[in-house]
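# Working through the structure, step by step
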Amino acid sequence: MKSFVISIVLAVLMGGGIVANGLYINNVGKKTEVMVEQIPEPTHPDCYTQAEALEQIWKKQAKIVHISVNHTIVDRIGEQVETLVACAECGDVYGFYTARALLLDALGDMQRLENFGAVL
Amino acid sequence: MITIFFRTLLIYLILIATVRLMGKRQIGELEVTDFVTTLMLSEIAALPITDTNIPISHALIPMITLLFLEVASSVVLIRLPKLKTLVSAHPTIIIRDGTLDQSALRSIRISMEELMGEIRQQGYSSIDQVNDAILEKNGKFTILPKSQFSTPTVQQLGIHDQQDPLMHVVYSDGKCNFSGLSIIEKDADWLKSELERLGYATTDLFCVTANRSGEICAIPMQNQKGAKRS
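Let me begin by describing the structure that accompanies this report.

Calculation notes
- Residues numbered from 1 in each chain as written.
- Chains lettered and ligands numbered in written order.
- Predicted model: local features only at pLDDT ≥ 70, side-chain atom pairs only at ≥ 80, totals over all residues.
- Heavy atoms only, no water.
- Helix = DSSP H or I, 4+ residues; strand = E, 2+ residues; numbered from the N terminus.
- Buried < 20%, exposed > 50% of the residue type's maximum accessible area, 1.4 Å probe, protein only.
- Areas by Shrake-Rupley, 256 points an atom, 1.4 Å probe, with all protein chains shown as cover.
- Phe/Tyr/Trp six-rings, centres within 6.5 Å; stacked < 30°, edge-to-face > 60°.
- Pairing = 2+ DSSP bridges.
- Contact = heavy atoms within 4.5 Å.
- Buried area = accessible area lost by both parts, 1.4 Å probe.
- Salt bridge = Lys/Arg side-chain N within 4 Å of Asp/Glu carboxyl O.
- Polar contact = N/O pair within 3.5 Å; in protein donor to acceptor, adjacent residues only side chain to side chain.
- Nonpolar A, V, L, I, M, F, W, Y, C, P; charged D, E, K, R; others polar.

Helix and strand content of chain B: eight helices and nine strands. Looking at chain B residue by residue over its 230 residues, the buried ones come to 35%. Carbon and sulfur atoms make up 57% of the accessible area of chain B, which amounts to about 14,200 Å² in all.

Moving on: the packing of aromatic side chains. Residue and element names in this part refer to chain A. In total, this model carries one aromatic pair over all chains according to the counting rule given. For the pair phenylalanine 96 and tyrosine 97, a centre-to-centre distance of 5.6 Å together with 80° between the ring planes defines the contact as edge-to-face. A relative accessible area of 0% places phenylalanine 96 in the buried class. Assessed through its relative accessible area of 37%, tyrosine 97 is described here as partly exposed.

Residue and element names in this part refer to chain B. If you walk across this open sheet you meet the four strands as β2-β1-β3-β4, and the pairing is antiparallel. Sheet topology places β2 (99-100) and β4 (141-145) at the edges, where each strand pairs with a single neighbour. Alignment of strand β1 (residues 92-96) against β2, held across two bridges, turns out to be antiparallel. Paired with arginine 96 across the strands is threonine 99, a residue of β2.

Every contact between the two is made by 25 residues of chain A and, on the other side, 21 residues of chain B. With both chains or domains summed, chain A and chain B bury close to 2,000 Å², and 72% of this area falls on carbon and sulfur atoms. The interface formed by chain A and chain B holds zero salt bridges in total. Between chain A and chain B we count two residue pairs in polar contact (both at pLDDT 80 or more) in total. Element by element, the count of residues in the side of chain A that touches chain B is highest for helix α1 (residues 2-38) of chain A, at nine residues. Residue composition of the side of chain A that touches chain B, grouped by class: 14 nonpolar, nine polar and two charged.

Printed below as a string of structure tokens:
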């Protein structure tokens with residue numbers, strides 16, 4: 001009976017952790033998507049500043065996201081953020097939009113595992 | 001994480017159904033749920049070791065889920081015996097009162113060669129010697145011979161034999177085993193006096209076993225004299 005109680009407690013704690021993690025990852029994903037979409041194209045003077053701000057925020061978030069998201073996806077997001085910053089700095093409009101599209105896709109992949117759609 | 005949790009649950013249920021459908025022979029000595037859990041745990045535990053892209057949480061979540069499912073299912077199956085019939089197999093009687101049940105043999109998908117092999121492994125040369133043969137739910141065979149081929153018992157031979165109580169370890173690794181002593185309802189002082197009577201010092205001994213009747217078997221350290229029994 002003791003092991004049953006312990007397993008129930010663990011399952012409840014785990015369930016709470018899963019829900020909290022799901023909410024956190026979806027929240028981070030959506031906030032980052034909004035930030036990415038708000039960055040103007042490289043011809044705008046604020047493009048590089050906002051891209052750098054996104055990079056700083058992502059670096060902090062990645063430390064926690066790493067706990068539950070596949071490292072491949074996290075690394076992919078990091079790479080696209082860095083590409084975005086580089087394109088913003090050198091004014092590469094084509095590269096900027098490509099990096100933005102790939103970044104949004106990677107953010108979608110990150111949130112996919114926290115939704116029921118990926119169960120099957 | 002939600003995906004991994006529900007995938008674990010889904011795969012667990014699918015595996016139980018699959019192993020249950022495969023039949024008793026495949027699961028050996030384990031219950032179906034134990035077998036499935038063992039299979040899955042070993043695979044899950046290996047994942048983050050071999051693939052460094054996978055965070056540890058991707059192994060922890062399924063393992064805790066399996067732990068909960070395993071413990072919960074065993075508790076539920078004890079409380080609801082009818083549900084147990086869905087998950088665990090029944091023993092199948094293949095030979096009853098010396099008569100082979102051919103439909104039972106077909107239902108468990110065993111050939112006559114396999115059945116004869118099992119009969120021989122249990123020491124009988126012919127199917128005629130067997131009164132009952134049962135395939136237990138753990139996949140093992142129980143062969144019960146006809147009375148004329150069975151080993152006579154002490155009772156049948158009319159021998160009055162005293163039941164030999166179980167021996168328990170009461171001294172090992174240089175110390176008294178108090179749990180063993182409590183099982184045989186003795187104490188350390190009794191053990192010390194018995195060993196003195198046998199002429200042993202505890203430092204000379206590797207292990208001592210004893211039973212409720214007070215019999216002692218002392219095994220000395222290597223390069224000492226052989227075991228003494230009181």
